[in-house]
Amino acid sequence: MRIKIEHSTVYRFDTPVIYGLQQLRKTPKTSYNQSVVAWETRITGGRKEVVFDDHHHNVTELISFDPNVTELSVVSLGEVEITDNAGILGPHHGLTPLWLYTMGTPRTEIGQGTKALIKGMDAEPGIPELHALSDRIRTQVPYTLGASAPDWSAEDAIAAGQGVCQDHTHIMIACARALKLPARYASGYLMLNDTTAQDAMHAWAEVHVDGLGWVGFDVSNGVSPDTRYVRVATGLDYSDAAPISGTRIGGVNEELHVSIHVIQQ
């Protein structure tokens with residue numbers, strides 16, 4: 001399946017930005033089951049300084065603000081061809097060691113909530129057990145739009161009993177790591193069945209399973225990624241895969257507008 005994507009991010013400020021840098025991870029790569037047919041980043045109010053692959057093998061673009069601008073627009077768009085692999089990505093590759101993905105982070109801390117979710121599970125769970133874990137997470141922490149804060153940890157979402165895809169992903173990662181399985185955060189685009197317009201990227205977990213390699217689990221939708229999913233960035237948690245992060249001097253009262261369109265080409 002070929003998917004067409006347009007992702008627009010616009011910042012507006014009441015006062016000029018004196019200096020600013022933004023780090024973008026919005027560009028998919030040709031890897032595993034996807035092939036990038038075309039992709040470009042259009043910038044108004046700034047310029048692209050450099051493009052590099054970070055230590056998680058993510059395409060990362062460094063964008064600077066033009067001096068004294070009050071609006072910065074970044075539009076990423078292109079087409080990606082996806083083949084179905086039932087969520088199985090295969091062996092780990094790249095320079096980042098596999099053991100790194102067993103390490104905890106503040107957002108994926110292993111607490112009492114995490115331990116309760118994996119209670120009674122086998123020490124070496126297979127695919128059926130991991131899907132059952134995904135279902136358990138979704139049941140105990142129902143998807144609730146706008147229910148969480150951006151800095152919530154897995155334990156925060158479990159305690160609240162509600163969350164969004166970012167929270168589900170952090171919980172799944174924390175549970176997998178508690179079972180001594182490497183796990184990572186994946187962000188990307190998801191083609192929905194009922195609309196082409198979205199206001200945020202999607203997130204899911206990838207767990208490394210002996211004999212299969214990396215396997216994706218979208219807890220929020222109760223499935224493994226299929227041909228509707230475009231992988232963009234991965235990391236230990238959201239902070240490694242955030243689509244945009246950065247800093248600036250000046251630019252009072254930020255106003256942010258995000259628009260994403262994902263359609264079958």
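Before reading further, recall that the structure is shown in the block above.
Now for a look at the structure at hand. (Residues numbered from 1 in each chain as written. Predicted model: local features only at pLDDT ≥ 70, side-chain atom pairs only at ≥ 80, totals over all residues. Heavy atoms only, no water.)

The next thing to look at is the environment of glycine 251. You can see glycine 251 is positioned in the loop between β12 (244-250) and β13 (255-264). Distance in space between the C-alpha atoms of glycine 251 and valine 37 is 36 Å, their sequence separation being 214 residues. Ignoring any residue separated from it by four or fewer positions in sequence, one finds glycine 251 in contact with Phe13, Thr15, Pro16 and Val17. (Helix = DSSP H or I, 4+ residues; strand = E, 2+ residues; numbered from the N terminus. Contact = heavy atoms within 4.5 Å.)

Right, let's talk about the pattern of salt bridges for a bit. Pairing is possible between side chains that carry opposite charge, provided their charged atoms lie close to one another. For the structure shown, the criterion picks out 13 salt bridges. The partner of glutamate 61 in a salt bridge is lysine 48, and the shortest N-O contact between them spans 2.8 Å. Pair noted here: glutamate 61 is in strand β4 (residues 59-65) and lysine 48 is in strand β3 (residues 46-53), with a separation of 13 residues, a long-range link. Overall, the relative accessible area of 4% leaves glutamate 61 in the buried class. Notably, a salt bridge pairs arginine 228 with aspartate 226, separated by 3.0 Å at the nearest N-O pair. Since its relative accessible area comes to 22%, aspartate 226 is described here as partly exposed. A single network of salt bridges, built from pairs that share partners, joins Arg2, Glu79 and Glu81. (Salt bridge = Lys/Arg side-chain N within 4 Å of Asp/Glu carboxyl O. Buried < 20%, exposed > 50% of the residue type's maximum accessible area, 1.4 Å probe, protein only.)

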